[in-house]
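# Survey of secondary and tertiary structure
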Number of protein chains: 2
Amino acid sequence: MRVTEETKLATRSRILETTLGLLKSQGFETTTTRDIASEAGIAAGTLFNYFPTKEAIVMQLVADALDSAEAAFEKRRQDGASLEEDLFLHISTGLRQLRPLRSFFGSVLETGFSPARSANPNDLSEELRTAHIGTVGSILVRHGRESPTGIELQMYWLLYHGLLSFWVADGSPKQEDTFAMLDQSMRMFVNWLDTNGKTQRHNTPF
Amino acid sequence: MRVTEETKLATRSRILETTLGLLKSQGFETTTTRDIASEAGIAAGTLFNYFPTKEAIVMQLVADALDSAEAAFEKRRQDGASLEEDLFLHISTGLRQLRPLRSFFGSVLETGFSPARSANPNDLSEELRTAHIGTVGSILVRHGRESPTGIELQMYWLLYHGLLSFWVADGSPKQEDTFAMLDQSMRMFVNWLDTNGKTQRHNTPF
DNA sequence: GATATTATATGAGCACGCTCATTTAAGGAA
DNA sequence: TTCCTTAAATGAGCGTGCTCATATAATATC
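The paragraphs below set out a description of the structure included in this document. None of the values given here were measured: they were computed from a predicted structure.

What counts and what doesn't
Residues numbered from 1 in each chain as written. Chains lettered and ligands numbered in written order. Predicted model: local features only at pLDDT ≥ 70, side-chain atom pairs only at ≥ 80, totals over all residues. Helix = DSSP H or I, 4+ residues; strand = E, 2+ residues; numbered from the N terminus. Buried ≥ 20, exposed ≤ 12 C-beta atoms within 10 Å, placed from the backbone. Contact = placed C-beta atoms within 7 Å. Nonpolar A, V, L, I, M, F, W, Y, C, P; charged D, E, K, R; others polar. Near = placed C-beta within 6 Å. Least-squares fit on C-alpha atoms with pLDDT ≥ 70 in both. Axes fitted to C-alpha atoms, helices over the stretch in contact; angles between N-to-C directions. Parallel < 35°, antiparallel > 145°, perpendicular 65-115°, else oblique.

## Looking at the overall build of chain A
In terms of helices and strands, chain A carries nine helices and zero strands. Oriented by its inertia axes, the alpha-carbon framework of chain A measures out at about 65 × 40 × 35 Å. Buried residues in chain A amount to 31% of all 206 residues. Nonlocal contacts in chain A, meaning residues at least 24 apart in sequence, comprise 64% of its contacts between residues at least 6 apart.

Here it is as structure tokens:
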């Protein structure tokens, strides 16, 4: 059974669309891989020729959304904005694109967005992180700063991860609380960047 | 079949000890609930008379560790310490107690430590959060500040959650990287508290 | 003691994500 | 056309976390 590349791409797209629809209406836990396969018109096992796990399908949906968010940010940004405003806009644009995925985004948060660097540098989450961080770097440069150092990136990602995690469980009507947190976080981060450097270290207790 | 309260408590303890041992040697995924049950000397189904889910067992182990960490912190703290140092010590004492659980701690991180408030206020994670936050409040008061407001607590928990998440995946030999992040985080947080305008010092130094 | 009551223990069984030996069919060689 | 090769599709089957109808035994009542 040899199938054209075209057919395979079409099947892959059908899986992604089907999954998105089912997850939106039923959530992550109640949508089974058998559901997805049957609605995509393939056998249960065939699904796993296209994606290694159920989570990987969700991760692809997330990666697509965030990919288009990077472009959307470049269009939306204003030249007069402050550093905090640009960082705020960057993240909030991502959240806007992720909005339809919010109800099941939690299923990939911990595996895909961990604040420590992933063990597997070839997967989607690392690409996504690199793209996001790259934009952050260019924002900083645009505001007359050096490219961020390792620990600065780690601190940024820690905050970003925390915000995503907050957003997922945010019970306020339109997630206003998350945006308040985002505002404060970016203010806090920029201030930390500025006052950083004249720091003394604690001894680690081990 | 009526069994004394004593027997039930003993069974419960056996489940917890057995689980801890198996998780340490095999990890979360490869330890099955059937393994736990059989090593604890009960039937597979009986396990779920004692804990609603596999994760709940882990959560109990975590809660016990963090509970003893609260007491350990009170003993370890020094009177001359700065606010940052006390906050650093509080969290690092928790990490020290959690150390043996690190390899499987990730399995309860997202459900038990979400930065947004839990929907279920009666479960272990809410107790744990309340205890931790209570200590944070008393630390702040001890350093001449008011009890933290809602958003201040949320920002704190966001950082704490992020640090735990970093720690779980920290690849550095003794998780030094986490302690460097912790140091920076507390510095950043305290600085934010000060410049935020929402916290007033009782005794400003001038 | 004998019997009834009932809290607890039990394990067969369910639905799940995922695997893998087998089947199917498209493209090449004759 | 006929056979061969092989990439992709298939679905029975595995081990999992967890449920639930049933079995069991400790206590209450007589």
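Further notes follow.
## Overview of the interface of chain B and chain A
Taken together, the contact between chain B and chain A spans 34 residues of the former and 31 residues of the latter. For the side of chain B that touches chain A, the elements supplying multiple residues, two or more each, are helix 5 (83-98), helix 6 (102-112), helix 8 (150-169) and helix 9 (176-195) of chain B. With 11 residues, the single largest contributor to the side of chain B that touches chain A is helix 9 of chain B. Grouping the amino acids of the side of chain B that touches chain A by side-chain chemistry returns 15 nonpolar, 11 polar and eight charged.

## Section: the protein's contact with DNA strand D
DNA strand D sits among 21 residues. The nearest are Met1 and Gly45 of chain A together with Met1, Thr32 and Thr53 of chain B. Looking at the surface near DNA strand D residue by residue, the class counts come to eight nonpolar, nine polar and four charged.

## As for the relation of the copies chain B and chain A
Mapping chain B onto chain A leaves a residual RMSD of 0.1 Å; the transformation is a rotation of 180° accompanied by 0.0 Å of translation along its axis. On the angle and the small slide along the axis, the relation comes out as a two-fold axis. Identified as the residue of chain B closest to the rotation axis by C-alpha distance is glycine 162 of chain B, at 2.7 Å. Here 74% of the contact residues of chain B are again contact residues in chain A; the copies associate through an equivalent surface.

## What to know about the packing of helix 4 (residues 54-76) of chain A against helix 6 (residues 102-112) of chain A
Residues and elements named next belong to chain A. Contact geometry for helix 4 and helix 6: axes closest at 9 Å, N-to-C directions at 95°. Here helix 6 runs roughly perpendicular to helix 4, going by the angle between their axes. The residues of helix 6 that touch helix 4, namely those facing Glu55, Val58, Met59 and Val62, are Phe104, Phe105, Ser107, Val108, Thr111 and Gly112. When grouped by side-chain class, the residues that make up the contact of helix 4 with helix 6 number six nonpolar, three polar and one charged.

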